[in-house]
Amino acid sequence: MTKEIRVNGFAIHSPVHLSPGLWRHPRDRSLEFSTLDYWTDVARILERGKFDALFIADSISIHDIYQGNADASLRRAVQLPKHDPTLLVSAMALVTEHLGFGITGSVSYEAPYIFARRFSTLDHLTKGRVAWNIVTNFSDAGARAVGRTGVKAHDLRYDIADEFLDAVYALWEGSWADDALVADRASGVFADPARIRKVVHRGEHFQFEGVNIVDPSPQRTPFLFQAGTSHRGKDFAARHAEAVFLSDPSQANVARNVADTRARAAGLGRDPNDIKFFSLVTVIVDETEAAAHAKYRDYQRYIDLEGSLALLSGWSGIDLSRYALDDPFPTKKKDNAVTSLIDSFAGAEKVWTIREVVTHNTIGGRGPVVIGTPAQVADALQGWMDETDIDGFNLSYAVTTEGYSDFADLVVPELQRRGLYKTDYRAGTLREKVFGRGRLLPDTHPAARFRAALAESGGMQRDAAPTGLAPT
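Residues numbered from 1 in each chain as written. Predicted model: local features only at pLDDT ≥ 70, side-chain atom pairs only at ≥ 80, totals over all residues. Heavy atoms only, no water.

Visitor: Before we move on, could you go through the overall build of the protein and cite the residues and values that matter?
Guide: Along the protein, the regular secondary structure elements total 16 helices and 13 strands. With the principal axes as the frame, the protein shows a C-alpha extent of 70 × 50 × 40 Å. The buried share of the protein, reckoned over its 472 residues, is 59%. When contacts within the protein are restricted to residue pairs at least 6 apart in sequence, those whose partners lie at least 24 apart make up 77%. (Helix = DSSP H or I, 4+ residues; strand = E, 2+ residues; numbered from the N terminus. Buried < 20%, exposed > 50% of the residue type's maximum accessible area, 1.4 Å probe, protein only. Contact = heavy atoms within 4.5 Å.)

If you want it as structure tokens, here you go:
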């Protein structure tokens, strides 16, 4: 029997996310992306549809591979301009009660101490509804933007990410004891210094020391998303992730990645079901099948092939302008690329041409596009759940906010009628809503060892043992 289907809205703080050109559609609101009114409307729609979270992609990179420059990306608004998504969270949290907020943050260009402070603050302000989508930046353009000569090798980026996670775990879980914050008006004591430890991190890639500058937030560690499906990415997800975002048009590929990552998690002593998997999908739905397909044809009038080529070139690290559209899609991996994208086409059941890949990606990116009535869409989503063992979907859109509201108003009631979708939210933090248990990471998660070390010391050891290095 199909398990309950969970859904996140998928977006970017930009006029174009995964459907280049659709910002021109007369009903599309993408040009309002720089206004809080737009984002609070999105948040209200998603909460009306009982979505788990709004998942916002981000990077500091510019897609500048196509034709050797960023001209096409600038001309076609291909994820440009791109504003900071963290600044949206407070406004959206104010107009919602339950919706989570998955914000992308890169371990490649952040300082762990400052990053931990920012996400702890967001978790406080949202009463525990913040998630972190952990990424390692793959673009040379992003590296140059922060003064580096180029991006680091793929697997090394994940080595750095492992150390970054240990550093922020130490701050979130191992600095303040649960009872360190006293706030006693009678005695005038706000926090008990004996219950707070300074974190000393001396690692290969990061060095810092200091007490966590923010008291523990409702979740301590924010809910953890991750999107890597390369070999090294799956190792990282198996160790750290509570949810994994997948993006592939093939059910077989998705099923293999889910099974492989769950097996790796079990090998690390984690419960394989402690990781939820969300696969990218775009839904175009209407009351009748004819109306849904008419809507799709209408959307296709606005697609932008040059924008899609620029987007795919940026993701793959391959300048697709050097090939004819009917050439096979090149599958030689580039180190500064989304390797899982290339893997998905290299391992496909058929040889994809560049034209086919670009055409597929013009609406909704790499995932499937499901078109039909509410019942037909529900059937398709059930099929993906049954065939792949995923837990739900990251819902992209062709036209915003129409894509979200159509799903909330047409598909969600059909899924609820089938008993496949929640009719109300659970109480508590995002972690409690998703897993139906406590607000903190479970003891089997690697972050818990920092919490355990704090408890063993009674919270009174002023300097924590250094993290990032073997004990001496």
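Visitor: I'd like to hear about the packing of helix α1 (residues 36-48) against helix α14 (residues 402-417), residue by residue, with values.
Guide: Between α1 and α14, whose axes approach to 9 Å, the crossing angle comes to 20°. As far as their axial angle goes, α14 and α1 are roughly parallel. Here the hand of the crossing between α1 and α14 comes out left-handed. Contact residues: α1 offers Val42, Ile45, Leu46 and Arg48, while α14 offers Tyr404, Ser405, Ala408 and Asp409. (Axes fitted to C-alpha atoms, helices over the stretch in contact; angles between N-to-C directions. Parallel < 35°, antiparallel > 145°, perpendicular 65-115°, else oblique. Left-handed = near helix turned anticlockwise from the far one by under 90°.)

Visitor: Summarise unusual backbone geometry; cite the residues concerned and give the values.
Guide: Residue proline 81 is bonded to the preceding leucine 80 through a cis peptide linkage, with omega at -10°. Checked against the element boundaries, proline 81 lands in the loop between α2 (71-76) and α3 (89-94). In this structure, the amide linkage connecting threonine 400 to the following residue, threonine 401, adopts the cis form with an omega of 5°. Even without a glycine there, the phi angle at alanine 183 is positive, about 50°. Mapped onto the elements of the fold, alanine 183 is located in strand β5 (residues 181-184). The exposure class assigned to alanine 183 is partly exposed, which follows from its relative accessible area of 46%.

Visitor: Provide a residue-level description of the environment of aspartate 274, including the pertinent values.
Guide: Relative to the elements of secondary structure, aspartate 274 occurs in the loop between α8 (251-267) and β11 (276-285). In this structure, the C-alpha to C-alpha distance between aspartate 274 and serine 250, residues 24 residues apart in sequence, is 24 Å. The contacts of aspartate 274, once residues within four sequence positions are left out, are Ala241, Glu242, Phe435, Arg437, Pro442 and Thr444. Polar contacts involving the side chain of aspartate 274 include one to the side chain of arginine 437, which spans 3.0 Å. (Polar contact = N/O pair within 3.5 Å; in protein donor to acceptor, adjacent residues only side chain to side chain.)

Visitor: Requested: an account of the packing of helix α13 (residues 374-388) against α14, with residues and values cited.
Guide: Axis separation between α13 and α14 bottoms out at 9 Å; the angle between their running directions is 65°. The handedness of the crossing between α13 and α14 comes out as right-handed. Two secondary-structure elements touch here, α13 through Pro374, Ala375, Val377, Ala378 and Leu381 and α14 through Phe407, Leu410, Val411, Glu414 and Leu415.

Visitor: Describe in detail helix α9 (residues 289-300), supporting the description with residues and values.
Guide: Compared with the 16 Å implied by 1.5 Å per residue over twelve residues, the 17 Å span of α9 between its first and last C-alpha is a close match. Considered for burial, the residues of α9 that qualify are Ala292, Lys295, Asp298 and Tyr299. Taken end-on, α9 shows its buried residues confined to a sector of 120°, consistent with a single buried face. Where α9 is buried, its residues meet β11, β12 (369-372) and α14. (Expected span 1.5 Å × (residues − 1). Arc of directions from axis to C-beta.)

Visitor: Tell me about the packing of aromatic side chains, residues and numbers included.
Guide: Using the criterion set out here, one finds 21 aromatic pairs in the structure. Measuring from centroid to centroid gives 5.6 Å for phenylalanine 223 and phenylalanine 225, while their planes differ by 50°, and the two rings are tilted. Like phenylalanine 225, phenylalanine 223 is buried. Taken together, the aromatic side chains of Phe10, Phe55, Phe223, Phe225, Phe245, Phe278 and Phe435 make up a single cluster linked through ring pairs. A cation over an aromatic ring shows up here: lysine 422 above the ring of tyrosine 421, its NZ or CZ 5.2 Å from the ring centre. (Phe/Tyr/Trp six-rings, centres within 6.5 Å; stacked < 30°, edge-to-face > 60°. Lys NZ or Arg CZ within 6 Å of the ring centre and 35° of its normal.)

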